[in-house]
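One-letter residues, chain by chain:
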Amino acid sequence: MRPKRALNISNLEIEKMMNESKSKSEFQKLQCLHLRKLYPEMSAAEIARIVCLSQSSVWRIHSECIKNPDLGFIKDKRGGRYHENLTKEEETEFLSQFLKEATSKGIIVVSKIKKAYEEKIGHNVPKSTVYRLLERHGWRKIVPYKRHPKANKEAQESFKKKTSLN
């Protein structure tokens, strides 16, 4: 068995990054490195058991650290909108044409926005796509109240008493 190569990073730096980690996977990767630095005699299988990763993942993390001591591989690069039809800026520009109508009337019909959106991108989309677009840009769905705000409760009760079949 060949000897383990040393990691070119300090424990203090690893601990600092562990405190600042944003996700579980980042933390687990840093734990692998931390345990390797603290206990060089510990095998990858033991570290994997402690950190709840596979042994091959531990080997890969240690190997990446030896190759890239700047630890850029620790940060998750996933996230974002993978299947976006328009960029955020294009969406803002698209919604600006409906802003005037929304401010003057106080209400906007989503079916009009959906139709214009489909024309812009060139294919059909579900209505939920438009609702998510509006939510991303701070627009909100307003629904009517269940009863009229100026309704007279006493008049309604007296009407019920007069029209009852008893």
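Bear in mind the structure is a predicted one, so any value in this text is a computation, not a measurement. Sequence positions are assigned chain by chain, starting from 1 and proceeding in written order. Restriction of local features to residues with pLDDT of at least 70 applies here, the model being predicted, together with a cutoff of 80 or more for giving and counting side-chain atom pairs; totals for whole chains, interfaces and linings are based on all residues. Side-chain figures throughout are based on the complete set of non-hydrogen atoms in the structure, without hydrogens or water.

Describe the overall build of the protein, and please don't skip the residues or the numbers.
Secondary structure elements follow DSSP: runs of H or I no shorter than four residues count as helices, runs of E no shorter than two count as strands, and numbering proceeds from the N terminus. Per the secondary structure count, the protein includes eight helices and zero strands. Ordering the α and β elements of the protein from the N terminus gives α-α-α-α-α-α-α-α. Only the C-alpha atoms count toward the radius of gyration. The rule for a globule is 2.2 Å times the residue count to the power 0.38. What you see for the protein is a C-alpha radius of gyration of 30 Å, clearly larger than the 15 Å of a compact globule of 166 residues, by over 25%. Taking the principal axes of the C-alpha coordinates as reference, the protein spans close to 95 × 50 × 25 Å. Burial status across the protein gives 27% buried among its 166 residues. Contacts: residue pairs with any heavy atoms within 4.5 Å of one another. Contacts spanning at least 24 positions in sequence make up 52% of the contacts within the protein whose residues lie at least 6 apart. Exposure classes here rest on a 1.4 Å probe applied to the protein chains alone. A residue is buried below 20% of its type maximum, exposed above 50%, and partly exposed in between.

So, the side chain of Gln-28: which residues are in play, and what are the values?
For Gln-28, the location among the structural elements is in helix H2 (residues 24–38). In this structure Gln-28 comes out as buried when scored by relative accessible area, which is 11%. With residues near it in sequence (within four places) discarded, Gln-28 still touches Val-51, Cys-52 and Leu-53.

Residues and numbers for the packing of helix H5 (residues 88–105) against helix H7 (residues 127–136), please.
Every axis corresponds to a line fitted to the C-alpha atoms, with the helix fit spanning only the stretch in contact, and the corresponding angles, defined between N-to-C directions, vary from 0 to 180 degrees. At a minimum axis distance of 11 Å, the contact between H5 and H7 shows a crossing angle of 95 degrees. Relative to H7, the element H5 lies roughly perpendicular. Residue-level contacts link Lys-88, Glu-91, Phe-94 and Leu-95 of H5 to Leu-133, Leu-134 and Arg-136 of H7. Throughout, the term roughly parallel applies to angles under 35 degrees, roughly antiparallel to angles over 145, roughly perpendicular to angles from 65 to 115, and oblique to all others.

Mind laying out the confidence of the model for the protein, listing which residues take part and the relevant values?
Averaged over all residues, the pLDDT of the protein equals 86, while 92% of them reach at least 70. Residue-level confidence of the predictor is what pLDDT reports, using numbers from 0 through 100. For the protein, helix H8 (residues 153–163) is the element with the lowest average pLDDT, namely 79, and helix H3 (residues 44–51) is the one with the highest, namely 95.

Give me the lowdown on the environment of Lys-75, citing residues and values where you can.
Looking at where Lys-75 falls in the secondary structure, it is placed in the loop between helix H4 (55–67) and H5. Note: C-alpha distance between Lys-75 and Lys-22 (53 residues apart in sequence) is 8.6 Å.

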